[in-house]
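# Coordinate analysis (summary)
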Amino acid sequence: LHPNAIFTGIVLLSPYCVYLIVDRVGDNSGEKKTKYFRKILFSFLFVGLVVLFWTLLFNSKFFSGVVWFEWGSFASKSQAVANAIMLSLTVASAPQFLLSFIVICGFLYALCKKGYRWISFSYLIVLLMYVVNASSDGFWSHFLTGFWYTDSFRVAAMVALAGIPLAAMGLFAVFEIVKRIASLISIKQNAKKNSVLLSTVVAGLFVFMNYYPNFEIPHNTSVVTGFGMVEQMLEGGNRETPNIQVFDSEEIAFVKKVHEVVPEDSVIINLPYDGSIYSHALYGLNVMYRVWYGYSSTDEATDDALIRGQLSSIEYNDDVKSAVSRKHSNYLLLLDQGNQDGKGMYTAPYKQDLWIGISSVTDETPGFEIVLAENDMRLYKINC
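Predicted model, so just to flag it, every value in this text is computed and none were measured.

What follows is about the pattern of salt bridges. According to the stated counting rule, one finds eight salt bridges in the structure shown. Between Arg154 and Asp151 there is a salt bridge whose closest N-O contact spans 3.2 Å. Asp151 gets classed as buried once you look at its relative accessible area, which sits at 6%. Where Arg326 meets Asp303, a salt bridge forms, and the shortest distance between an N and an O atom there is 2.7 Å. Of this pair, Arg326 sits in helix H14 (residues 318–326) while Asp303 sits in helix H13 (residues 303–310), and the two are 23 residues apart along the sequence. A residue is classified by how much of its surface remains accessible, and Asp303, at 19% relative accessible area, is buried.

Given below as structure tokens:
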């Protein structure tokens, strides 16, 4: 549903359109040379129109904020090529050797089939886009992948989409090879039954090996698999170990105590990036800020901007007092007070200057009375 799906469609289906042109244009012409000339002419015209359309949108003001968004590269060119081959496409990925082998088989299979050849070219195009995106930050990265914010994760997802049919063809090709080998060493009776059995075995082995978790080779090394890495990330991301996660077990216990103390009709001012963003959905805490993004400058005269930028001055700032009163806010919740290194906070979208009025509140700040205090967690009553 994201607009860049349109551009994904352009990339993946343009080779298909070229295939249709080559397959159907000029078939009724008399001379062979004329027929080939028309095929080549219309193919180049189509590719030229796609490039022109792409360039016009790339240079339009409407897309400028998107295509020039900077999402930095993370690999050298040689490493990016290796990642593309191993399908270890992001900084959070592990190699998928079996799947990579299956996709390569499918790529070769499609390349040898006239009707499927375009799929191989679509895959080559997205691999090229991925390598440029992962290994460079210049003009070509923006031109080729700017419609995806030059986001390597989005480009990697496009590689996966292009690889799905090739993986299916590759698995089919492997099955055909196994079936032919089996036919040479076995009696040809019950061919249909044997075919079903072989296909089940091939598919079963692929599923087992492809989804196998991380494992160790005793006294040698640890092996990290593609889906083992996914399992590891999910397990680590949901662990409630204190001072590691954005919302850990100690903070959860503290939030439950806050819920018992604060009246339901009182809005609690919070810093969402310290984990308190989850406290409403999980425990019903009536916090003011419940999303990561969408916060603008604190120079504006809105209640929201005054609270985020100047809350710590409430003792002597009548504008802030009025803003807090209009928001029906009587409390301030901080789960990582004084956190300067960002440990235990979600810092990706966090801009400290937009939240300085909240993050700078301490136990000594006038106008704030400590209600609950544990380690670096605080609940203050606003007494102004």
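Let's shift gears to the environment of Ser78. Examined against the element boundaries, Ser78 turns out to sit in helix H4 (residues 77–86). Accessibility expressed as a relative area gives 56% for Ser78, which makes it exposed. Between the C-alpha atoms of Ser78 and Ser135, which are 57 residues apart in sequence, the distance is 8.5 Å.

Moving on, we come to the nonpolar core. In this structure, Trp54, Tyr123, Val126, Tyr130, Phe147 and Trp148 are the most contacted members of the largest nonpolar core, which totals 47 residues. Apart from the residues lying within four places of it in its own chain, the contact partners of Tyr130 are Phe74, Ala80, Asn83, Ala84, Ser88, Leu89, Thr90, Val155 and Val159. Ile307, Ala323, Val324 and Tyr350 belong to the second largest nonpolar core, which has 28 residues in total.

What follows deals with the packing of helix H1 (residues 4–24) against helix H8 (residues 152–185). Their axes nearest at 11 Å, the elements H1 and H8 cross at an angle of 45 degrees. In this view, H1 runs oblique relative to H8, as classed from their interaxial angle. Here H1 and H8 pass one another in a crossing that is right-handed. Two secondary-structure elements touch here, H1 through Asn4, Thr8, Val11 and Leu12 and H8 through Arg154, Met158, Leu161 and Ala162. A per-class count over the contact of H1 with H8 returns five nonpolar, two polar and one charged.

Conventions adopted
- Residues numbered from 1 in each chain as written.
- Predicted model: local features only at pLDDT ≥ 70, side-chain atom pairs only at ≥ 80, totals over all residues.
- Heavy atoms only, no water.
- Salt bridge = Lys/Arg side-chain N within 4 Å of Asp/Glu carboxyl O.
- Buried < 20%, exposed > 50% of the residue type's maximum accessible area, 1.4 Å probe, protein only.
- Helix = DSSP H or I, 4+ residues; strand = E, 2+ residues; numbered from the N terminus.
- Core = buried A, V, L, I, M, F, W, Y, C linked by side-chain atoms within 4.5 Å.
- Contact = heavy atoms within 4.5 Å.
- Axes fitted to C-alpha atoms, helices over the stretch in contact; angles between N-to-C directions.
- Parallel < 35°, antiparallel > 145°, perpendicular 65-115°, else oblique.
- Left-handed = near helix turned anticlockwise from the far one by under 90°.
- Nonpolar A, V, L, I, M, F, W, Y, C, P; charged D, E, K, R; others polar.

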